[in-house]
Amino acid sequence: MAQLYALPDERLLTIAPGETILAATLRQGIDHVHACGGQAKCSTCRIHVLDGLVNCSPRNASELALTTRLHLPEPVRLACQTTVTGSGTVRFARPVLDRLDMELAAQDLQHPDQQLGQLKQVAVLFSDIADYTVLADQLPPYDVVHVLNRYFGVMSEVVAAHHGYISDFIGDGLMVVFGLSHPATAVTDALAAGRAMFRAVAQLNPYLQQMYRCAFHIRIGLHYGEAVVGHIGGNGFRKLATIGDTVNVASRIESANKEYGTTFLVSEAVVAAAGPALAVRQGFLAPLKGKLGMHRLYEVDLAVEPDKVE
Ligand code: FES
């Protein structure tokens, strides 16, 4: 007879042939949320199958309709529709445990187009403005906000033109993700956007000189790797977030510019993905704050346009 192992309950359960996982958990006293009563309409009974997915029945039409609408990945199943075949064990976790989890599931239903957490290969770019706090101290608050909005407006256009997504405004800094809509060109888009950001700042500076007697000089860090992309938030507010070590490393690379007197540093992963079209100066090994070991970084040679490299 097949068995279930339920988390976070840490209970080994029996399941009869043809019995749904929801029926089995309820029969054995698990307080398994099932807001729609097993009609494949709410997704609150969802389980994340950790082991034994092959022992689960294929998604039926009702489950397929809801899981497709919500973009639920293969291992996330509706317990009210899933039965177990053979004699194996299915180990799973129940992510919907309380009222807050139920509200999150309800939000998924209201915004089915939002991504619920996928592992993606992305290029993550961080930028900041050198000596920004000194500049900000010299200007009245209204002018600080005006100048920043003008700067971010210009940068937003550059990012959009290169298929990037601005994930965060962090003070004077930007976090931009490439590869969400155009995965095949994530790195080349990010590199082209970085170059365009420097050009855009050069075009903005005469205005800043004339109006505020200041100029912006930006620094950029870029890394390429896997990250979890999904909508996060609460209380009705959700935003697309990119989470993972790739993001942390990209941020540290941007910070390293300050230490090495550089303006556009990229990781070895970026250089490998970009290929010979990317002109970089000699690489060097550097420690990254909060990261173990040494990391090879390269400075992008902004004097050489990619199409001029042999
Ligand atoms: S109980 Fe609603 S979808 Fe399973």
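Residues numbered from 1 in each chain as written. Predicted model: local features only at pLDDT ≥ 70, side-chain atom pairs only at ≥ 80, totals over all residues.

> Before we go on, may I ask you to explain the overall build of the protein chain in this structure?
When helices and strands are tallied, the protein chain shows eight helices and 13 strands. Since a compact globule built from 310 residues should have a radius of gyration of about 19 Å, the 25 Å found for the protein chain marks it as more spread out than a globular shape. Taken over the C-alpha atoms alone, the protein chain extends approximately 75 × 45 × 35 Å along its principal axes. Looking at the protein chain as a whole, 32% of its 310 residues qualify as buried. Counting contacts in the protein chain only where the partners sit at least 6 residues apart, residues at least 24 apart contribute 67% of the total. (Helix = DSSP H or I, 4+ residues; strand = E, 2+ residues; numbered from the N terminus. Rg over C-alpha atoms; globule rule 2.2 N^0.38 Å. Buried ≥ 20, exposed ≤ 12 C-beta atoms within 10 Å, placed from the backbone. Contact = placed C-beta atoms within 7 Å.)

> Whenever I open this one, the pairing of strand β2 (residues 11-14) confuses me. Can you help?
For a regular strand, the rule is simple: side chains alternate between the two faces of the sheet. Summarising the sheet, strand β1 (residues 3-7) and β2 pair through four bridges and their orientation is antiparallel. Bridging across to β2, Gln3 finds its partner in Thr14. Joining the antiparallel neighbours β1 and β2 is a turn of three residues, in which Glu10 adopts a positive phi near 55°. (Pairing = 2+ DSSP bridges.)

> Help me out: how do you make sense of the environment of Pro276 in this one?
Summarising the element assignment, Pro276 is placed in the loop between α8 (268-274) and β12 (284-287). Remark: the alpha-carbon pair of Pro276 and Val49, spanning 227 residues in sequence, is separated by 43 Å.

> Teacher, can you tell me more about the nonpolar core here?
Note that soluble globular proteins tend to have their nonpolar side chains buried in a common cluster. The biggest cluster of nonpolar side chains holds 44 residues, and the ones touching the most others in it are Ala123, Val124, Leu125, Ala190 and Leu222. If one sorts the elements of this core by residue count, helix α6 (residues 186-212) sits on top with seven residues. In contact with Leu125, other than residues within four places in its own chain, are Val176, Phe178, Ala190, Ala193, Gly194, Ile220, Leu222 and Ala250. Core analysis: the second largest hydrophobic core is formed by 20 residues, Ala2, Ile15, Cys45 and Cys56 among them. (Core = buried A, V, L, I, M, F, W, Y, C linked by C-beta atoms within 7 Å.)

> What is the right way to read the packing of helix α5 (residues 141-161) against α6 from this model?
The description of two helices packed together rests on the angle between their axes and the distance between the axes. Taken N-terminus to C-terminus, the directions of α5 and α6 make an angle of 150°; their axes are 9 Å apart at the nearest point. Classified by the angle between their axes, α5 and α6 sit roughly antiparallel to one another. At the point where α5 passes α6, the crossing takes the right-handed sense. Residue-level contacts link Asp143, Val147, Tyr151, Val154, Met155, Val158 and Val159 of α5 to Ala193, Ala196, Met197, Ala200, Leu204, Leu208 and Tyr212 of α6. In the contact of α5 with α6, the residues fall into 13 nonpolar, no polar and one charged. (Axes fitted to C-alpha atoms, helices over the stretch in contact; angles between N-to-C directions. Parallel < 35°, antiparallel > 145°, perpendicular 65-115°, else oblique. Left-handed = near helix turned anticlockwise from the far one by under 90°. Nonpolar A, V, L, I, M, F, W, Y, C, P; charged D, E, K, R; others polar.)

> Please explain the sheet that holds β2 as it appears in this structure.
Two pairing modes exist for strands in a sheet, parallel and antiparallel, and in both the strands are linked by backbone hydrogen bonds. Ordered in space as β2-β1-β5-β3-β4, the five strands form an open sheet in which the pairing is mixed. In this open sheet, the two edge strands, each paired with only one partner strand, are β2 and β4 (76-78). Going across the sheet, the axis of each strand differs from the next one's by a mean of 40°, ignoring polarity. In this sheet, β4 lies alongside strand β3 (residues 46-51) in antiparallel orientation, the contact comprising three bridges.

> Please clarify how the domain arrangement of the protein chain should be interpreted in this entry.
Many authors give the size of an interface as the accessible area that is lost as the parts come together. For the protein chain, the assigned domains are domain 1 (3-110) and domain 2 (116-308). Of note, the centres of domain 1 and domain 2, computed from C-alpha atoms alone, are 41 Å apart. (Domains from an automatic or database assignment.)

> Teacher, can you tell me more about the environment of His163 here?
Among the structural elements, His163 can be located in the loop between α5 and β7 (164-170). Of the residues examined, His163 has 19 C-beta atoms within 10 Å and is grouped as partly exposed. Expressed as a C-alpha distance, the spacing of His163 and Pro183, which sit 20 residues apart in the sequence, is 9.6 Å. His163 has contacts with Phe178, Ser181, His182 and Asp189, leaving out every residue within four places of it along the chain.

> What is the right way to look at the pairing of strand β9 (residues 218-234) in this model?
In this sheet, strand β11 (residues 264-267) lies alongside β9 in parallel orientation, the contact comprising three bridges. Note on β11: the bridge partner recorded for Ile220 is Phe264. Relative to strand β10 (residues 237-243), β9 is paired through seven bridges, and the arrangement is antiparallel. The residue of β10 that forms the bridge with Val228 is Ile243.

> Explain unusual backbone geometry to me, please; I cannot follow it from the model alone.
For residues that are not glycine, phi is negative in most cases, and the peptide bond is trans in most cases. Along the chain, Leu7 connects to Pro8 via a cis peptide bond; the corresponding omega equals 5°. Among the structural elements, Pro8 can be located in the loop between β1 and β2.

> Would you mind going over helix α2 (residues 61-69) with me for this structure?
Quick reminder: α-helices carry 3.6 residues per turn. Residues three or four places apart thus point the same way. For α2, the full list of buried residues reads Glu63, Leu66 and Thr67. For α2, the buried positions fall inside an angular range of 95° around the axis, keeping them on one side. In α2, the exposed residues that point more than 90 degrees away from the buried face are Ala61 and Thr68. Directly beyond the C-terminal end of α2, a positive phi value near 55° is found at His71. (Arc of directions from axis to C-beta.)

> Honestly, the environment of Arg219 in this entry has me stumped. Any pointers?
Note on placement: Arg219 falls in strand β9. Among the residues examined, Arg219 registers 22 C-beta atoms within 10 Å and is labelled buried. For the pair Arg219 and Ala202, spaced 17 residues apart in sequence, the C-alpha to C-alpha distance is 13 Å.

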